[in-house]
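# Working through the structure, step by step
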There are 2 protein chains.
Amino acid sequence: MKNKAALLSLLQGKMSFLLTAHIFPDGDNLGSLMALRAGLLKLGKRVQVTIDDSVPAAYAFLEGSQSILRPEMVNNDYEIIIVLDSSSIDRIGAVQNLVKQNIPMINIDHHISNTGFGTVQYIDEQAAATAEIIYQLLLDLGVALDDNIAAAIFTGIATDCGFFRYANTTPRTLSIAAEMVSHGAKPHEISDAVEMRTVPVLKLLSRVLDSIEVSSNGKIAWLTIDQTLLSSLGANPEDTDGFINYARYIRGVEVAVLFREVPDRGIKVSMRSRNNFDVSKTALHFGGGGHKLAAGCSFDTQMEDAKEQVLAKIREQFEK
Amino acid sequence: MKNKAALLSLLQGKMSFLLTAHIFPDGDNLGSLMALRAGLLKLGKRVQVTIDDSVPAAYAFLEGSQSILRPEMVNNDYEIIIVLDSSSIDRIGAVQNLVKQNIPMINIDHHISNTGFGTVQYIDEQAAATAEIIYQLLLDLGVALDDNIAAAIFTGIATDCGFFRYANTTPRTLSIAAEMVSHGAKPHEISDAVEMRTVPVLKLLSRVLDSIEVSSNGKIAWLTIDQTLLSSLGANPEDTDGFINYARYIRGVEVAVLFREVPDRGIKVSMRSRNNFDVSKTALHFGGGGHKLAAGCSFDTQMEDAKEQVLAKIREQFEK
């Protein structure tokens, strides 16, 4: 990382930090934020964390997650902004309004599609998760790891590589995870918190599995979750995180898509690929982001329109 | 391991090996067998591998798995038997007929409930999988690891700790996995092979999730798969491996049970626990085996009778 020395001296020189990450927060996003927050606090810094979204209940176990602010609650006391795990600046939503011309903005990310925004970039596309980068950063800053930091980093890593099942899992990914467990991270407690479901969610899953459609060539599979289905079972949109993997793990399928209706926010599209299909290209085409094997985008249109556009684009990419 | 020196010299002194493991073979069972087989072949030994059961198609990718023999096909050329991953001798089924008084039988296992059968025991209850023990054994024997051995060991470890999500996942578990990836194991290919499903299996899952029952205190959840359901969807009993985790991951549930009707073999019961409930005790009571957090047993009776007995026993254990 050519900018690392500059980044470290910048971080060391500032006292008051604003940390943020993308909307629709996930395990890597929140784990990275909480690990970096804890590390900076240990160095005697002042830290505010903000996300323009609510934090899913599954991640309430992360130390510090209760202190995440909505953008409008952030006070003016910050000299530097750090944006984590966000491929482009618009992914932080209304937190963009807190960006100031005269203070540096650091862009720390592992997405191949990162646009390179910000004053300093620390992008490592080889990292399975932004949490891997944060781990190294904390070591470089001389932060002593503890069980809370270890749990946050393990959470970020494990959730972004599907608990060490995706192609982004490297020896380094597993070695850092091993070190986090030796520092007190408890894989079963983290997995329990992140993957725990309720009977209504399992009933929802049962219904969603019944919705599976597969393209005639067997290479694309997709799932549909509309608001009516969610409401009828008393489930929340974030309860469906991970459902996409059922489509991904169908024999012969190369691209899996989940179409999810989110109240007042249109259609959220998640895509997962196996092998060589680059879903970040598909996502970027529709103004979204991600990396080769996992990406997403959003639509303001109706479900059927979003489906038609996305599936057509994927078919077109296959033909190239 | 106090017997390790004796074990190593015993293995080094023999030329012709018979390896076996428990019926209802799983990832650890097969991964351990294939890794040990490959290692012994590298040392110039002759090796036969036998299991008294068919090998699930999901594990066909393991190098050497095509050479696994049914017990009746084993020829008489073996000077030593090694039994892997089996808590008691009856777990190897008809392979018991191949045990001879005058040749040593080695018992290598990680189950807490291991009965200590055999002439030499190498039991490590701290190991997440028998494959962890095999890894160490191959190092001790001076075997150079290659990508096939690495894949076999990774498969054994990953499948027995739920891809690093169960409480048995230690820093050592993750470190060995990291080393296996650096030796060429591909987590995504292994996960794809092991977890890949077909649309009929997902339809089956959809139906099984609809069968979930939870005890009135919310601590026990169980799933039922009868032969009619399996046949109507064209699915096999082994397609339902892992379904039990849906019951295990219900908020508040401490013991999950899967009751599965296996053609001509009665009812197979799998149990998973979180926290402190020891399901190996329940399994042992019914002549089965396993470890604290994952165990199983079988019944020759009807489904309803098996359910009644197992659920009553679990309730009784809770009261203690």
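Please refer to the structure placed before this passage.
Here's what I pulled together on the structure shown here. (Residues numbered from 1 in each chain as written. Chains lettered and ligands numbered in written order. Predicted model: local features only at pLDDT ≥ 70, side-chain atom pairs only at ≥ 80, totals over all residues.)

### Let's talk about the relation of the copies chain B and chain A
When chain B is fitted to chain A, the best match, at an RMSD of 0.0 Å, comes from turning it 180° and sliding it 0.0 Å along the axis. Both chain copies can therefore be described as sitting about a two-fold axis. No C-alpha of chain B approaches the rotation axis more nearly than that of B:Ser206, which lies at 2.1 Å. (Least-squares fit on C-alpha atoms with pLDDT ≥ 70 in both.)

### Looking at the packing of helix 2 (residues 27-42) of chain B against helix 3 (residues 130-140) of chain B
Residues and elements named next belong to chain B. Taken N-terminus to C-terminus, the directions of helix 2 and helix 3 make an angle of 10°; their axes are 8 Å apart at the nearest point. Judged by the angle between their axes, helix 2 and helix 3 are roughly parallel. Contact residues: Asp28, Gly31, Ser32, Ala35, Leu36 and Gly39 in helix 2; Thr130, Ala131, Ile134 and Leu138 in helix 3. Class assignment for the residues of the contact of helix 2 with helix 3 results in 5 nonpolar, 4 polar and 1 charged. (Axes fitted to C-alpha atoms, helices over the stretch in contact; angles between N-to-C directions. Helix = DSSP H or I, 4+ residues; strand = E, 2+ residues; numbered from the N terminus. Parallel < 35°, antiparallel > 145°, perpendicular 65-115°, else oblique. Contact = placed C-beta atoms within 7 Å. Nonpolar A, V, L, I, M, F, W, Y, C, P; charged D, E, K, R; others polar.)

### Section: the pairing of strand 11 (residues 294-299) of chain B
Residues and elements named next belong to chain B. Among the 6 residues of strand 11, 5 are classified as buried, and the element is accordingly described as predominantly covered. Across 6 bridges, strand 9 (residues 266-273) lies against strand 11 in antiparallel orientation. Directly across from Lys268, in strand 11, lies its bridge partner Ser298. For strand 10 (residues 289-291) and strand 11, the ladder comprises 3 bridges, and the chain directions are antiparallel. Counted as the bridge partner of Gly290 is Ala295 from strand 11. Joining the antiparallel neighbours strand 10 and strand 11 is a turn of 2 residues. (Buried ≥ 20, exposed ≤ 12 C-beta atoms within 10 Å, placed from the backbone. Pairing = 2+ DSSP bridges.)

### Quick look at the packing of helix 7 (residues 199-210) of chain A against helix 7 (residues 199-210) of chain B
Packing of helix 7 of chain A against helix 7 of chain B leaves a shortest axis separation of 8 Å and a crossing angle of 155°. When the axis of helix 7 of chain A is compared with that of helix 7 of chain B, the two are roughly antiparallel. Handedness of the helix 7 of chain A/helix 7 of chain B crossing: left-handed. Here A:Leu202, A:Leu205, A:Ser206, A:Leu209 and A:Asp210 of helix 7 of chain A lie close against helix 7 of chain B, whose contacting residues are B:Leu202, B:Leu205, B:Ser206, B:Leu209 and B:Asp210. In terms of residue class, the contact of helix 7 of chain A with helix 7 of chain B is made up of 6 nonpolar, 2 polar and 2 charged. (Left-handed = near helix turned anticlockwise from the far one by under 90°.)

### Digging into the sheet that holds strand 3 (residues 80-84) of chain A
Residues and elements named next belong to chain A. Taken in spatial order, the 5 strands line up as 2-1-3-4-5 in an open sheet, and their pairing is parallel. Since the sheet does not close on itself, it has two edges, and those belong to strand 2 (46-50) and strand 5 (120-123), each with one partner. Neighbour-to-neighbour, the strand axes of the sheet open up by a mean angle of 20°, direction not taken into account. Relative to strand 5, strand 4 (residues 105-109) runs parallel, the two sharing 4 bridges. Bridge pairing in strand 5 places Ile106 opposite Val120. Sheet strands touched by helix 2 (residues 27-42): strand 1 (16-21), strand 2 and strand 3. Its angle to strand 1, the strand with the most contacts, is close to 170°.

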